[in-house]
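# Breakdown of the fold
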Amino acid sequence: LAKTTQPISMDSYEGQEVNITCSHNNIATNDYITWYQQFPSQGPRFIIQGYKTKVTNEVASLFIPADRKSSTLSLPRVSLSDTAVYYCLVGPDMLTFGGGTRLMVKP
Amino acid sequence: GAGVSQSPSNKVTEKGKDVELRCDPISGHTALYWYRQRLGQGLEFLIYFQGNSAPDKSGLPSDRFSAERTGESVSTLTIQRTQQEDSAVYLCASSLELAMTGELFFGEGSRLTVL
């Protein structure tokens, strides 16, 4: 299984763009990259998934370079309500969540 | 229901007692997953079901933990002779198929406190 590494925590301010990078050096050919968001006292929620290049939805963008050894979740113009833990998952089975990145958005 | 439902939402028990946690997945979802999340920690995978079968039980922390699923629907996670280290939020998720792509839909979790 591909192992992921992401920052333990990040701070940002309202209105800024936040980029969270996940490293997955041993990603396999058939692995997808998926990001989840978890608010306190709630289960994780799917944000976005991609295989290569760029994926965008109404919540975020996911940038994946050609070698696919890393990926960057981009949150445009964050608000206080984006304060959460963000998890990067890689693989065909999507079963393993790491520790995630705790994003704190400040006023 | 519209989403994954878990019960009880909160459970306080005494050390040594048995507890059962229930998960009602989204109707039609063939895959079901159990995770454990200790305070301030990430999600620890416990077990998954494809239909009513659990192909790999190696994620269960000890033989005090067991899980079953019936009718490709409801699942129960049972913890026997609970210990204080079992205190955590137990999260259930379901997906249309085993989640190679697509998304897992999580419940709100069952918070277990062992005194």
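Check the entry above for the structure.
## Section: the overall build of chain B
The number of helices and strands found in chain B is zero helices and 10 strands. Of the regular secondary structure in chain B, the N- to C-terminal order runs β-β-β-β-β-β-β-β-β-β. Computed over C-alpha atoms, the radius of gyration of chain B comes to 13 Å, within 12% of the 13 Å expected from 2.2 N^0.38 for 115 residues, which places it in the range of a compact globule. Each principal axis of the C-alpha atoms in chain B carries an extent, and together these give about 40 × 25 × 25 Å. Put simply, chain B has 115 residues, and 46% of those count as buried. Within chain B, counting contacts between residues at least 6 apart in sequence, those at least 24 apart form 56% of the total. As displayed, chain B has an accessible area near 5,600 Å², and 45% of this comes from carbon and sulfur atoms. Side-chain charges in chain B split into 11 positive and 14 negative, and the spacing between the mean points of these groups amounts to 7 Å.

## A closer look at the pattern of salt bridges
Residues and elements named next belong to chain B. Taken as a whole and assessed by the stated rule, the structure comprises four salt bridges over all chains. A salt bridge links Asp24 to Arg22, with the nearest nitrogen and oxygen atoms 2.8 Å apart. Residue classification places Asp24 among the partly exposed residues on the basis of a relative accessible area of 22%. Relative accessible area serves as the criterion here: at 38%, Arg22 is assigned to the partly exposed category. Linking Arg64 and Asp86 is a salt bridge whose minimum nitrogen-to-oxygen distance equals 2.7 Å. On the criterion of sequence distance, the pair formed by Arg64 in the loop between β5 (44-50) and β6 (65-69) and Asp86 in the loop between β7 (75-79) and β8 (88-95) is long-range, its members being 22 residues apart. Here Arg64 matches Asp86 in class, with each residue buried.

## Describing unusual backbone geometry
For the peptide bond that leads from B:Ser7 to B:Pro8, omega is -10 degrees, which places it in the cis range. Inspection of the secondary structure assignment puts B:Pro8 in the loop between β1 (5-7) and β2 (10-13). The phi dihedral of A:Thr53 is positive, around 55 degrees, even though this residue is not glycine. By the element assignment, A:Thr53 lies in strand β5 (residues 53-56). Judged by relative accessible area, A:Thr53 falls into the exposed class, the value being 52%. For A:Arg77, which is not a glycine, the phi torsion comes out positive at approximately 45 degrees.

## Some thoughts on the nonpolar core
By size, the foremost hydrophobic cluster in this structure holds 21 residues, and its most contacted members are B:Trp34, B:Leu46, B:Ile47, B:Phe49, B:Leu77 and B:Tyr90. Setting aside its immediate chain neighbours within four residues, B:Phe49 contacts B:Thr30, B:Ala31, B:Leu32, B:Trp34, B:Ala54, B:Ala67, B:Glu68, B:Arg69 and B:Ser75. Of all hydrophobic cores here, the second largest spans 20 residues; its members include A:Ile20, A:Ile33, A:Leu75 and A:Val90.

About the cut-offs
Within each chain, residue numbers correspond to sequence positions counted from 1 in written order. Lettering of chains starts at A and numbering of ligands starts at 1, both following the order in which they are written. Per-residue local features of the predicted model are confined to residues with pLDDT of at least 70, and side-chain atom pairs are confined, for both listing and counting, to 80 or more; whole-chain, interface and lining totals are unaffected and use all residues. With hydrogens and water excluded, all non-hydrogen atoms of the structure serve as input to the side-chain values. Only DSSP runs of H or I with at least four residues qualify as helices, and only runs of E with at least two residues qualify as strands; both kinds are numbered from the N terminus onward. Throughout, the radius of gyration refers to the C-alpha atoms, and the reference size of a globule is 2.2 Å times the residue count to the power 0.38. A simple rule labels every residue: compare its accessible area, found with a 1.4 Å probe on the protein chains alone, to the largest value its type can have, and call it buried under 20%, exposed over 50%, or partly exposed in between. When checking whether two residues touch, look at their non-hydrogen atoms; a contact exists if any pair is within 4.5 Å. All accessibility values rest on the Shrake-Rupley procedure with a 1.4 Å probe; residue burial counts only the protein chains present in the view. Under this rule, positive means Lys or Arg and negative means Asp or Glu; His and the chain ends count for nothing. Every charge is mapped to an atom, namely NZ of Lys, CZ of Arg, CG of Asp or CD of Glu. Each salt bridge in this description consists of a side-chain nitrogen of Lys or Arg and a carboxyl oxygen of Asp or Glu lying within 4 Å of one another. Here, nonpolar core refers to any group of buried Ala, Val, Leu, Ile, Met, Phe, Trp, Tyr and Cys residues whose side-chain atoms link them within 4.5 Å.

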